[in-house]
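# Descriptive analysis of the structure
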Amino acid sequence: MASVRRRRRGEGAAPAVLGAVACVAVAFLALPPLALALRAPWGAAAERLSDPAVLDALQLSLVVSTAALALSLVLGAPLAWALARASFPGRRLVRALVIVPMVLPPVVAGVGLLSAFGRRGVAGAALERLGLTLPFSTTGAALAAAFVAAPFLVVALEAGLQSAGRDLEDAAATLGAGRARILWTVTLPSVAPSLAAGAALCWARALGEFGATITFAGNLRGRTQTAPLAVYEELQTGDPDGAVLVSLVLLAISVAVVAALRGRLSPR
Amino acid sequence: MRRVVAALALGAVVGSCGPPAGREVVVLAASSLTEAFTDLGRRFERAHPGTTVTLAFGSSAELAVQIDGGAPADVFASADPALLRRLGGRVRGEPVRVATNRLVVVTPRDDPAGVARAADVARPGVALVLAAPKVPAGRYARAALARLGVLAGAERNVVSNEADVKAVVTKVVLGEAHAGVCYATDVTPALRALELPRRAQVPIAYPVAALSDDPGARSFVSYVASARGRAVLEDHGFGPP
């Protein structure tokens, strides 16, 4: 046992320093959420959280994020399949385009959405003539959230499809299964974990969306003021207690998402 | 390894020393004062070589929250005297009123919704943007619309409560909203402005106060309140205090 303990001079220092820095890092990342919980005016919580404006914001957030997830699934799943299974010219370009909304600063996404879908936008002007105005609407808020959140779903699903591979699907085909049956009984179950993880990340990202929403959809209680926008307005107008309480609700939801995703966020 | 740590420590000590000499006056001003105070800041710097005027603009409500939270501001120029009063102990000396303003209804140049008079903003179908109710511009706008007798109809038309008055201007300039209510000083060539009847106007005053004992702070406040400073504000469309 003595041989295990023998260390070369200086070798023990490196892990200790790394450990210390790691502790600082954990403190840095964990302190803000903990401070929120510590700072919260718990006594006033029940009363403040049952304020109609707060309930409106939370309800709207749930509606908008779920709509954004639905839109991401409808548009994103076929796209993920195309990227994983089909080969077409420009595939790498398409993949890069899909990732852009993930790295774009959200307010830039908002300006882009206005340029595209605003009343005088590239596509928005035509929609306006058809009577469909997206800015300042709940649909617009869902669209903004979907724009920034869909890539999370597409990327996760594409990875899942690639790692699941075609082998089982090919085997099912040689055994005589039709395309729909293969999709339902072979493909979907094999990508279910990736799909679930991607959907959870997509939904959580949509829930937290702020910059694109406030720029494109605006800020109106009951129609476009999602929870993050409500927090912002409370902060801007001198109501830090309200801001902290709504932030805690959002934090609790985020923690629940992380717990549900445990084990899936790190590479296998 | 030890040499790396020593170098980092030395760098941190040296880096934390501020720039030599040169005074800095940090001014937090209401967003409607953007152009006027940028001008005043430049003139003050020319008159006081070695001094830098650092300006930050936002809604007066937001700035008051920041100051309350300990923001290192030397001067606060508010669009609402009440917000300045609420800061209480942080204000040094007497606040000085330096200007007044008035509200206008603005539409895009091509007036897509046919807003012919200010009261038309209450007509069904007009997409109206206002500043948020707790922001001075939003408070004044709602008070003016109430005096005009059209607040209920206008509130139904509000499509967004913006964080400050400049955001209202942006949404109207972009054509996303049919109309907005902002200050007369915010009007740009891209906008069409409609005056409000006199009975609808609300008093809008801009008090400026020093927040620190820095001589530069008092000096800047005096400059803005001087005849020269007030002339610059009037050049930018503000009314006399």
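Quick caveat: nothing in here was measured; it's all calculated off a predicted structure.

## Observations concerning the overall build of chain B
Scanning chain B for helices and strands turns up nine helices and 10 strands. In chain B, which comprises 241 residues, the proportion classed as buried is 52%. By sequence separation, contacts in chain B at least 24 residues apart represent 78% of the contacts at least 6 residues apart. Of the roughly 10800 Å² that chain B leaves accessible, carbon and sulfur atoms contribute 57%. The positive charge centre, built from 28 side chains, and the negative charge centre, built from 22, are 3 Å apart in chain B.

## Remarks on the interface of chain B and chain A
If you look at the interface, chain B gives 23 residues, while chain A gives 19 residues. Summing both sides of the interface, chain B and chain A together bury roughly 1700 Å²; the carbon and sulfur share of this comes to 52%. A salt bridge links Asp110(B) to Arg120(A); the nearest nitrogen and oxygen atoms lie 3.1 Å apart. Counting across the chain B and chain A interface gives six residue pairs in polar contact (both at pLDDT 80 or more). For the side of chain B that touches chain A, the secondary-structure elements that each account for two or more residues are helix H3 (60-68) and strand E7 (158-162) of chain B. With five residues, the top contributor of residues to the side of chain B that touches chain A is E7(B). Looking at the side of chain B that touches chain A, its residues break down into 13 nonpolar, four polar and six charged.

## Let's talk about the pattern of salt bridges
Residue and element names in this part refer to chain B. In the structure shown here, the tally under the stated rule is 20 salt bridges over all chains. The shortest N-O distance in the salt bridge between arginine 142 and glutamate 155 comes to 3.0 Å. Taken together, the residues span a long stretch of sequence, with arginine 142 in helix H5 (residues 136-148) and glutamate 155 in helix H6 (residues 151-157) at a distance of 13 residues. The buried category is assigned to arginine 142, whose relative accessible area is 10%. Take glutamate 155: its relative accessible area is 36%, and that puts it in the partly exposed class. Through salt bridges that share partners, Glu35, Lys166 and Asp186 make up one connected network.

## Here we look at the environment of Ala145(A)
All names here are of chain A. Structurally, alanine 145 is set in helix H8 (residues 138-164). Since its relative accessible area comes to 0%, alanine 145 is described here as buried. Note: C-alpha distance between alanine 145 and serine 65 (80 residues apart in sequence) is 6.9 Å. Contact partners of alanine 145, with chain neighbours within four places excluded, come to Val64, Ala68, Ala206 and Glu209.

## Considerations on the environment of Ala123(A)
Residue and element names in this part refer to chain A. Within the fold, alanine 123 resides in the loop between helix H6 (106-117) and helix H7 (124-129). The class of alanine 123 is partly exposed, set by a relative accessible area of 32%. In this structure the C-alpha to C-alpha distance between alanine 123 and leucine 113, which are 10 residues apart in sequence, comes to 9.9 Å. Sequence-distant contacts of alanine 123, that is, excluding residues within four places in its chain, are made with Ala116 and Phe117.

## A short note on empty space enclosed by the protein
Within this structure, the stated rule accounts for three cavities of 30 Å³ or more. Roughly 80 Å³ of volume is contained in the largest cavity. Within the residue set of the lining of the largest cavity, elements represented by two or more residues are helix H12 (227-236) of chain A together with E7 of chain B. It is H12(A) that provides the largest number of residues to the lining of the largest cavity, a total of four residues. The class makeup of the residues in the lining of the largest cavity is six nonpolar, four polar and two charged. The space that makes up the second largest cavity amounts to roughly 60 Å³. Lining the second largest cavity are Ala30(B), Ser31(B), Ser32(B), Gly58(B), Ser59(B), Ser60(B), Ala79(B), Val135(B), Pro136(B), Ala137(B), Val165(B) and Tyr183(B). When grouped by side-chain class, the residues that make up the lining of the second largest cavity number seven nonpolar, five polar and no charged.

## A short note on the sheet that holds strand E10 (residues 204-210) of chain B
Residue and element names in this part refer to chain B. The five strands are arranged E2-E1-E3-E10-E4 in an open sheet whose pairing can be described as mixed. Each edge of the open sheet is held by one strand with a lone partner, namely strand E2 (51-58) and strand E4 (92-101). In this sheet, adjacent strand axes meet at a mean angle of 20° when their direction is disregarded. Looking at chain direction, strand E3 (residues 75-77) and E10 are connected through three bridges and run antiparallel. Directly across from phenylalanine 76, in E10, lies its bridge partner alanine 209.

## Remarks on the side chain of Arg85(A)
All names here are of chain A. As for its position among the elements, arginine 85 is in helix H4 (residues 52-85). Note on arginine 85: relative accessible area 9%, which makes it buried. A polar contact of 2.8 Å, which involves the side chain of arginine 85, links it to the backbone oxygen of leucine 161.

Calculation criteria
Residues numbered from 1 in each chain as written. Chains lettered and ligands numbered in written order. Predicted model: local features only at pLDDT ≥ 70, side-chain atom pairs only at ≥ 80, totals over all residues. Heavy atoms only, no water. Helix = DSSP H or I, 4+ residues; strand = E, 2+ residues; numbered from the N terminus. Buried < 20%, exposed > 50% of the residue type's maximum accessible area, 1.4 Å probe, protein only. Contact = heavy atoms within 4.5 Å. Areas by Shrake-Rupley, 256 points an atom, 1.4 Å probe, with all protein chains shown as cover. Lys, Arg positive; Asp, Glu negative; His and termini not counted. Charge placed at Lys NZ, Arg CZ, Asp CG, Glu CD. Buried area = accessible area lost by both parts, 1.4 Å probe. Salt bridge = Lys/Arg side-chain N within 4 Å of Asp/Glu carboxyl O. Polar contact = N/O pair within 3.5 Å; in protein donor to acceptor, adjacent residues only side chain to side chain. Nonpolar A, V, L, I, M, F, W, Y, C, P; charged D, E, K, R; others polar. 1 Å grid on protein atoms, 1.4 Å probe; cavity = no way out; pocket = protein on both sides within 12 Å on 5 of 7 lines; lining within 4 Å. Points joined across faces, edges and corners; volume = space filled by probe spheres on them. Pairing = 2+ DSSP bridges. Axes fitted to C-alpha atoms, helices over the stretch in contact; angles between N-to-C directions.

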